[in-house]
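Take a look at the letters that make up each chain.
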Amino acid sequence: INLRTVYAFAREMYPKNSSTPVQYGTAGFRGRAEFLDSVMYRMGVLATLRSRIRGGAVIGVMVTASHNPEPDNGVKLIDPKGEMLEASWESIATDLANVEDSELEAHVAKIISDNKIDVGSSSNVFVGMDNRYHSPRLLKAVADGVIALKGNVREFGIVTTPMLHFFVVAANTRGAYGQPTEEGYYRKLITAFETLRGDKLENGNYRNKLIFDGANGVGARKMLQFLKRMHNSLQVEVINKGDGKINENCGADHVKVKQAVPIGMPIVEPYTRCVSVDGDADRVVYFFTDDAGHFRLLDGDRIATLVADYLMDMLKRCDLDLSMGLVQTAYANGGSTDYIANTLKVPVACVPTGVKHLHHKALQYDIGVYFEANGHGTIIFSDNAKCLIKAQSETNPNAKILLQIIDLINETVGDAISDMLLVETILNSKGWDVKDWLATYDDLPNLQLKIKVQDRNVITTTDAERVCVTPVGLQEAIDKVVSNYKRGRAFVRPSGTEDVVRVYAEAATKDETESLAYEVGNLVH
Ligand code: NG1
Ligand code: ZN
């Protein structure tokens, strides 16, 4: 390998055009698309090196800015087991993204020698992108980064983030997880879903019909592909299919944060189940309008509790004693945490924002259920759990069902469509509609604010982001404000994906929540 090529490519095709430092954040690099070409190219280089370190295992690179507005783009790296890039490599990624072009060659040489990388060994990188108009250009930059270091690159075109995770794991397990192709992905999920559903399309209060808001993103396209291949097992009306701007007034982030229906909603009967996903379809939330016309949200906390309740019941029916835990972040509604601890009686943990933290914690249980309140999450089963369930399935029909449930879940990462099919399966089996689901517990009124400040990184936090360490005195001031509110809870943290500070507040009533959020927001300004 001639590292001069790496520099030549960079200089000619992908020169660094911004002096503002970038940072590998909650989910990789994000920012305005016009400043990302050099970052993308360098991440192609990095993924190639990472694959070599991991003995040629496939590394994934996803070009997307998820729920961000259309002018933004971003990139996330996927490790061989489908997990987000190992934390210790985030700083390597940050340093590489920020070096000047003239230092690039020497910097790459240093990464190679520091990590004792055999540059002659094989390297495999899968790349995918969302449907933003600048994604193809940025994807080419990633691919060129791989080519500059003589790695093998396989382009999947427009795919959801969870599909790319699936392909990475399927390839690295040599097909044991599924086939690393788009058809292989649809086949695995649809087969499990339709086997579970059988011919019982409706049950009790459950109706086989829903509205799907695709956020004008990849999720809309792929849902349509699912429907083409399904045998009418679910009736889905897809809205925000891609004619409008990605995530604009629609999608999971809009619905969750604004607590309002997306644009383009058809007129439907009260209590019709509606689903919103985000731009790259790794998040999902449910919502509906009640007969008084009120918007009601069923978010990631709801999905987590529904799934945990169902799985506990199945374990009992399978006569299996496996450890189960639920992982949340500080954004989880206090109402859900109480319900999990006091009614479901499942151990519940709180970790910092970002699925990488949730996934990591969830690995500690036989069955780890993790969801962010915004609808990003999945369920993972340990090898031990899978073995025991498999053995039990020889004699116990419920264990057979559980095996199909495992197949339906995309364990590699939160997957909006897989999560949705799981929720549909559980609601059908319980004979529930959204009203029954909402009745399981009451959410505390809650509100999120975004505040623009000069430097968001002056705020640092501890205790799963629930306590501010700096600036000195801020936490005391927050505590003082919060103590005046019944059931009040609030925290602030710098966003890892946008240039803002986020404020979260919940309290006994809507008015108190608003006033608490604004009082805490004022402390940040
Ligand atoms: P930041 O911007 O760090 O709050 C947001 C979400 C995360 C996660 C990432 C990645 C909230 C409050 N934060 O992170 O949960 O989903 O984006 O997409 O929803
Ligand atoms: Zn996303």
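Reading the values: the criteria
- Residues numbered from 1 in each chain as written.
- Chains lettered and ligands numbered in written order.
- Predicted model: local features only at pLDDT ≥ 70, side-chain atom pairs only at ≥ 80, totals over all residues.
- Core = buried A, V, L, I, M, F, W, Y, C linked by C-beta atoms within 7 Å.
- Buried ≥ 20, exposed ≤ 12 C-beta atoms within 10 Å, placed from the backbone.
- Contact = placed C-beta atoms within 7 Å.
- Near = placed C-beta within 6 Å.
- Nonpolar A, V, L, I, M, F, W, Y, C, P; charged D, E, K, R; others polar.
- Pairing = 2+ DSSP bridges.
- Helix = DSSP H or I, 4+ residues; strand = E, 2+ residues; numbered from the N terminus.
- Axes fitted to C-alpha atoms, helices over the stretch in contact; angles between N-to-C directions.
- Domains from an automatic or database assignment.
- Expected span 1.5 Å × (residues − 1).
- Arc of directions from axis to C-beta.
- Parallel < 35°, antiparallel > 145°, perpendicular 65-115°, else oblique.
- Left-handed = near helix turned anticlockwise from the far one by under 90°.

1. Thoughts on the nonpolar core
Working step 1: The biggest cluster of nonpolar side chains holds 130 residues, and the ones touching the most others in it are Met40, Met43, Val61, Val142, Phe287, Val307 and Leu408.
Working step 2: Apart from residues lying up to four places away in sequence, phenylalanine 287 is in contact with Val255, Val261, Cys274, Ser276, Phe295, Arg296, Leu297 and Leu298.
Working step 3: If you look at the next biggest cluster of nonpolar residues, it comprises 20 residues, including Ala330, Leu447, Ala490 and Ala507.

2. Description of the site of ligand 1
Working step 1: Residues in contact with ligand 1 amount to 14 residues; listed here are only the nearest, Thr26, Ala27, Ser495, Gly496 and Thr497.
Working step 2: Partitioning the shell around ligand 1 into residue classes produces 2 nonpolar, 9 polar and 3 charged.

3. Structural notes on the sheet that holds strand E15 (residues 446-451)
Working step 1: The antiparallel open sheet is built from 3 strands, whose spatial order is E15-E19-E18. In the strand order of this sheet, the two ends are held by E15 and strand E18 (489-494), each with one partner. On average, each strand axis in the sheet is inclined to that of its neighbour by 15 degrees, with strand direction left out of account.
Working step 2: The sheet strands contacting helix H18 (residues 510-524) are E15, E18 and strand E19 (501-506), and the helix crosses E19 at an angle near 150 degrees.

4. Re the domain arrangement of the chain
Working step 1: The assigned domain composition of the chain is domain 1 (3-158), domain 2 (186-298), domain 3 (300-438) and domain 4 (446-524).
Working step 2: Distance between the C-alpha centres of domain 2 and domain 3: 20 Å.
Working step 3: Taken together, the contact between domain 2 and domain 3 spans 34 residues of the former and 31 residues of the latter.
Working step 4: For the side of domain 2 that touches domain 3, the secondary-structure elements that each account for two or more residues are helix H7 (182-197), helix H8 (218-229), helix H9 (251-258), strand E8 (274-277), strand E9 (284-289) and strand E10 (295-298).
Working step 5: The biggest single contributor to the side of domain 2 that touches domain 3 is H7, with 7 residues.
Working step 6: Taken together, the residues of the side of domain 2 that touches domain 3 break down into 18 nonpolar, 5 polar and 11 charged.

5. Considering H18
Each full turn of the α-helix corresponds to 3.6 residues, which orients residues three or four apart in the same direction.
Working step 1: With 15 residues, H18 should reach 21 Å at 1.5 Å per residue; the first-to-last C-alpha distance of 21 Å fits that figure.
Working step 2: Within the sequence span of H18, burial applies to Thr513, Leu516, Ala517, Glu519, Val520 and Val524. Along the axis of H18, the buried positions cluster into a sector of 165 degrees, meaning they face one direction only. In H18, the exposed positions angled more than 90 degrees off the buried face are occupied by Asp511 and Asn522.
Working step 3: Tucked inside the fold, the buried residues of H18 contact E15, helix H17 (474-482), E18 and E19.

6. Focus: the environment of methionine 163
Working step 1: Looking at where methionine 163 falls in the secondary structure, it is placed in helix H6 (residues 161-172).
Working step 2: Among the residues examined, methionine 163 registers 29 C-beta atoms within 10 Å and is labelled buried.
Working step 3: Taking the C-alpha atoms as reference points, methionine 163 and serine 51, 112 residues apart in sequence, are found 19 Å from one another.
Working step 4: Other than its neighbours up to four places away in sequence, methionine 163 contacts Gly128, Glu182 and Tyr185.

7. Topic: the packing of helix H2 (residues 37-53) against helix H5 (residues 135-148)
Working step 1: Two elements in contact, H2 and H5, have axes separated by 7 Å at closest approach and are oriented at 40 degrees. Accordingly, the angle class assigned to the pair H2 and H5 is oblique. With respect to the hand of their crossing, H2 and H5 are arranged in right-handed fashion. In this structure, H2 contributes Asp37, Met40, Tyr41, Arg42, Met43, Gly44, Val45, Ala47 and Thr48 to the contact, and H5 contributes Leu138, Ala141, Val142, Ala143, Asp144, Gly145, Val146 and Ala148.
Working step 2: Taken together, the residues that form the contact of H2 with H5 break down as 11 nonpolar, 3 polar and 3 charged.

8. As for the pairing of E19
Working step 1: Burial runs high along E19: 6 of the 6 residues are buried.
Working step 2: What you see with E19 is no split at all: Val501, Val503 and Ala505 on one side and Arg502, Tyr504 and Glu506 on the other are buried throughout.
Working step 3: Direction of pairing for E15 relative to E19: antiparallel, over a ladder of 6 bridges. By the bridge assignment for E19, leucine 449 is matched with valine 503.
Working step 4: Inspection of the sheet shows E18 paired to E19 by 6 bridges, in the antiparallel sense. Bridging from a neighbouring strand, arginine 493 pairs with arginine 502 of E19.
Working step 5: Joining the antiparallel neighbours E18 and E19 is a turn of 6 residues.

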